[in-house]
Amino acid sequence: MSEADLSGRWHGFYSYAGHAHACAFEAELRDHEGELVGESFEVAHFEPSPGSTLTASLEGRRNGTAVDFAKTYDEVALAGYSIHYAGTLAPGGDEIEGNWAIPGQGSGTFLMVREGAAEAEEERKAAETVRR
């Protein structure tokens with residue numbers, strides 16, 4: 001697979017190891033030749049403000065199908081650490097799946113899907129059908 005540009009809006013969720021509950025998030029990524037920067041938004045499920053919107057800065061890189069980034073919350077009470085994400089980009093460049101970890105505190109899994117990916121696939125299939 002060629003180097004995919006990961007710029008765009010992504011929707012996803014992360015889960016804690018051993019827990020069934022998943023936390024939804026949105027992320028806006030900008031890909032500068034493999035260097036990733038962006039921000040994420042999610043509803044807080046924990047203290048200090050359950051139900052509020054949490055924002056975080058994202059910074060990392062992609063190398064082939066490997067995607068790694070750190071998420072650091074903007075909330076002062078949560079800004080003392082970064083969450084490390086390591087995932088694999090799926091063929092087509094519209095999904096990233098992997099694991100996250102807060103060293104010494106917790107870990108889990110995550111999945112991100114680029115906004116519009118499902119619609120683009122449906123359009124491709126429709127165009128293929130029309131050509132037949």
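Computed from a predicted model, the values in this text were never measured in an experiment. (Residues numbered from 1 in each chain as written. Predicted model: local features only at pLDDT ≥ 70, side-chain atom pairs only at ≥ 80, totals over all residues. Heavy atoms only, no water.)

(A) Structural detail: empty space enclosed by the protein. Considering all chains together, one arrives at one cavity of 30 Å³ or more under this definition. Estimated volume of the largest cavity: approximately 40 Å³. Forming the boundary of the largest cavity are F25, S40, L58, F69, K71 and Y85. The residue makeup of the lining of the largest cavity, split by class, is four nonpolar, one polar and one charged. (1 Å grid on protein atoms, 1.4 Å probe; cavity = no way out; pocket = protein on both sides within 12 Å on 5 of 7 lines; lining within 4 Å. Points joined across faces, edges and corners; volume = space filled by probe spheres on them. Nonpolar A, V, L, I, M, F, W, Y, C, P; charged D, E, K, R; others polar.)

(B) Looking closely at unusual backbone geometry. Positive phi values are uncommon outside glycine, yet E33 reaches one of about 55°. Tracing the chain through its elements places E33 in the loop between β2 (22–32) and β3 (35–43). In this structure E33 comes out as exposed when scored by relative accessible area, which is 80%. (Helix = DSSP H or I, 4+ residues; strand = E, 2+ residues; numbered from the N terminus. Buried < 20%, exposed > 50% of the residue type's maximum accessible area, 1.4 Å probe, protein only.)

(C) Looking closely at the nonpolar core. Counting residues in each nonpolar core, the largest one holds 25 residues, and the members touching the most others are L6, Y14, I96 and M112. Among the elements that line this core, the one with the most residues is β2, at four residues. (Core = buried A, V, L, I, M, F, W, Y, C linked by side-chain atoms within 4.5 Å.)

(D) A look at the sheet that holds strand β6 (residues 83–89). The strand order around the closed barrel built from eight strands is β1-β2-β3-β4-β5-β6-β7-β8, with neighbouring strands paired in antiparallel fashion. Strand-to-strand, the axes of this sheet are offset by a mean angle of 30°, without reference to chain direction. When strand β4 (residues 53–63) meets strand β5 (residues 66–73), the two strands line up antiparallel, connected through eight bridges. Among the inter-strand pairings, S57 is bridged to a residue of β5, identified as T72. (Pairing = 2+ DSSP bridges. Axes fitted to C-alpha atoms, helices over the stretch in contact; angles between N-to-C directions.)

(E) The packing of aromatic side chains, seen in detail. If you walk through the whole model with that rule in mind, you get seven aromatic pairs. A centroid spacing of 6.2 Å and a plane angle of 35° characterise the contact between Y14 and F25, whose relative ring orientation is tilted. Taken together, the residues span a long stretch of sequence, with Y14 in strand β1 (residues 8–16) and F25 in strand β2 at a distance of 11 residues. Of the two residues, Y14 and F25, neither departs from the other in class, the shared state being buried. Ring plane angle 80° and centroid distance 6.1 Å describe the contact between Y14 and W100, whose orientation is recorded as edge-to-face. Taken together, the positions of Y14 in strand β1 and W100 in strand β7 (residues 95–102) put the pair 86 residues apart, joining distant regions of the chain. Residue classification places Y14 among the buried residues on the basis of a relative accessible area of 3%. A network of ring pairs unites the aromatic residues Y14, Y16, F25 and W100 as a single cluster. Positioned above the aromatic ring of F25 is the side chain of K71, whose terminal nitrogen or guanidinium carbon lies 5.9 Å from the ring centre. (Phe/Tyr/Trp six-rings, centres within 6.5 Å; stacked < 30°, edge-to-face > 60°. Lys NZ or Arg CZ within 6 Å of the ring centre and 35° of its normal.)

(F) Representation of the environment of A17 within the structure. Here A17 shows up in the loop between β1 and β2. Residues A17 and N99, spaced 82 residues apart in sequence, show a C-alpha to C-alpha distance of 9.7 Å. In contact with A17, other than residues within four places in its own chain, are S107 and G108. (Contact = heavy atoms within 4.5 Å.)

(G) A look at the side chain of R114. Mapped onto the elements of the fold, R114 is located in strand β8 (residues 106–114). A polar side-chain atom of R114 sits 2.8 Å from the main-chain carbonyl oxygen of S7. Once residues within four sequence positions are removed from consideration, R114 is found in contact with D5, L6, S7, R9, W10, G93 and D94. (Polar contact = N/O pair within 3.5 Å; in protein donor to acceptor, adjacent residues only side chain to side chain.)

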